[in-house]
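Here is what each chain is made of, one letter per residue.
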Amino acid sequence: MAVKDSFSRIFGLTDKTDSEEIRQIPVDEIVPNPYQPRTVFDDDKIDELCQTIRTHGLIQPIVVRIRNDRFELIAGERRWRATKKLGMEKIPAIVKDFNDTQTASIALIENLQREGLTAIEEAVAYQKLIDLHDLTQESLAQRLGKGQSTIANKLRLLHLPQEIQEALLARQLTERHARALIPLKDRELQLKVLQEILEREWNVKQTETRVKQLLEASENPKAEKESRPKWKAFSRDTRIAINTVRQSIDMVLQTGLHVETDEEDHDEFYQFTIRIPKRREGK
């Protein structure tokens, strides 16, 4: 809660919910927040929340505002979705008189504090906060307590083709894969490599090698005919293990830590080397 309060103060918002009346409002009279950055909701997580609400009740009220004779969500969409799934008729809520900028900012900040946002959802949230508050990347990084390079790397993803952004959203692609495609510039080449990544299950290093070859080919047409990245056939269990490690590394990267990784394919084993800094970037 302390983090949320500090974010609210930093972005010029006030939150006095402790002194405001909690009302029971009809669940069916609530509409989603149009500024919600999260576009994918994990059904398993919603089910877990349903079980918690079923056991302990809904402890924290949602926050709404009145908009076009309806209650529009400001914060608490997961709680609202869970109560709908449970078939509850009413939900505890606090009604706020927020404008569009305040509503959007709170929705974005609330979600940035939670785990589970994809890299592209996080990038969209950063861009919206920059637009809403007329910030630079550096000033946003300072307000959020992140390194400027972390913000910049996320925002670069928004320049990638929509197909790649959708792959990120569906978690078919890691952020590091997507960032490896940025130097290509050419949309068709980016989509070509995307297809190769998905079909051949390339790791980041293999992707970077392929991108390097294509960049060399743009300068020397004969380079395209040279050998492409080699990959070996793995058993299904080995592939699952490797992909699980990569996904775990990607989750750590999403926290803002600049983790350095290296993958090596040996004859008898596949080796990961992971270097985790003792201090967070920018601290």
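Residues numbered from 1 in each chain as written. Predicted model: local features only at pLDDT ≥ 70, side-chain atom pairs only at ≥ 80, totals over all residues. Heavy atoms only, no water.

In the annotation of an unreviewed UniProt entry, the entry for the protein chain reads Nucleoid occlusion protein, and the organism field reads Brevibacillus composti. Quoted verbatim from the Subcellular location (unreviewed entry) field of UniProt, the annotation for the protein chain is "Cytoplasm, Nucleoid". (UniProt positions renumbered as here; feature names shortened; annotations may be inferred.)

A. Seen up close, the overall build of the protein chain. A tally of regular secondary structure across the protein chain gives 12 helices and 7 strands. Here the protein chain holds 283 residues, and the buried ones make up 43% of them. Accessible surface for the protein chain amounts to roughly 16500 Å². Of this, 47% is attributable to carbon and sulfur atoms. (Helix = DSSP H or I, 4+ residues; strand = E, 2+ residues; numbered from the N terminus. Buried < 20%, exposed > 50% of the residue type's maximum accessible area, 1.4 Å probe, protein only. Areas by Shrake-Rupley, 256 points an atom, 1.4 Å probe, with all protein chains shown as cover.)

B. Representation of the sheet that holds strand β4 (residues 70-75) in the model. The sheet built from 5 strands is open, its strands ordered β1-β5-β3-β4-β2 with mixed pairing. Looking at the sheet topology across the chains shown, the edges are occupied by β1 (23-26) and β2 (30-31). Lying on the sheet, helix α3 (residues 77-86) is in contact with β2, β3 (62-67), β4 and β5 (90-95); it crosses β4 at an angle near 125°. Packed on one face of the sheet, helix α4 (residues 100-112) meets β3 and β4 and runs near 45° to β4. (Pairing = 2+ DSSP bridges. Contact = heavy atoms within 4.5 Å. Axes fitted to C-alpha atoms, helices over the stretch in contact; angles between N-to-C directions.)

C. Main features of the pattern of salt bridges. Summed over the entire model, instances satisfying the criterion amount to 10 salt bridges. A salt bridge links K85 to D47, with the nearest nitrogen and oxygen atoms 2.6 Å apart. With K85 in helix α3 and D47 in helix α2 (residues 43-56), this pair connects stretches of sequence that are 38 residues apart. Judged by relative accessible area, which is 36%, D47 ranks as partly exposed. (Salt bridge = Lys/Arg side-chain N within 4 Å of Asp/Glu carboxyl O.)

D. Structural detail: unusual backbone geometry. The phi dihedral of D69 falls on the positive side, at around 65°, and the residue is not glycine. Of note in this structure, D134 is not a glycine but carries a positive phi near 55°. Within the fold, D134 resides in the loop between α5 (119-133) and α6 (137-144). The class for D134 is exposed, based on a relative accessible area of 72%.

E. Spotlight on the packing of α5 against helix α7 (residues 148-156). The contact between α5 and α7 brings their axes to 8 Å, and the two run at 110°. It follows from the interaxial angle that α5 and α7 lie roughly perpendicular. On α7, the residues touching A119, E122, A123, Y126, Q127 and I130 of α5 are I151, K154 and L155. A per-class count over the contact of α5 with α7 returns 6 nonpolar, 1 polar and 2 charged. (Parallel < 35°, antiparallel > 145°, perpendicular 65-115°, else oblique. Nonpolar A, V, L, I, M, F, W, Y, C, P; charged D, E, K, R; others polar.)

F. Spatial organisation of a negative patch on the surface. A cluster of like negative charges, contributed by D42, D43, D44 and E48, occupies part of the molecular surface. Among the secondary structure elements, E48 is positioned in helix α2. (Patch = residues over 30% accessible without salt bridge, like charges linked within 9 Å, V, L, I, M, F, W, Y side chains within 5 Å. Lys, Arg positive; Asp, Glu negative; His and termini not counted. Charge placed at Lys NZ, Arg CZ, Asp CG, Glu CD.)

G. Examining the confidence of the model for the protein chain more closely. Chain-level pLDDT for the protein chain is 81 on average; 83% of the residues reach the 70-or-more range. Helix α9 (residues 175-181) holds the highest mean pLDDT among the elements of the protein chain, 95, whereas helix α1 (residues 2-10) holds the lowest, 46. Below pLDDT 50 for its whole length, residues 1-7 participates in 8 contacts with residues either more than four positions away or in separate chains. (pLDDT = per-residue confidence, 0-100.)

H. The side chain of N33, seen in detail. Locating N33 in the fold gives a position in the loop between β2 and α2. Only 3.2 Å separates the side chain of N33 from the backbone oxygen of L73, close enough to count as a polar contact. For N33, the side chain forms a polar contact with the main-chain oxygen of I74, separated by 3.4 Å. In this structure, N33 is in contact with E72, L73, I74, E77, T103 and A107, ignoring residues within four places of it in sequence. (Polar contact = N/O pair within 3.5 Å; in protein donor to acceptor, adjacent residues only side chain to side chain.)

I. Main features of the nonpolar core. With 19 residues, the main nonpolar core has L157, L160, I164, L173, A178, L181 and V193 as its most contacted residues. With 4 residues, the top contributor of residues to this core is helix α10 (residues 187-200). When sequence neighbours within four positions are dropped, the list of residues in contact with A178 reads L157, L160, I164, L168 and L173. One finds I30, I62, F71 and L73 within the second-largest nonpolar core, a separate group that totals 16 residues. (Core = buried A, V, L, I, M, F, W, Y, C linked by side-chain atoms within 4.5 Å.)

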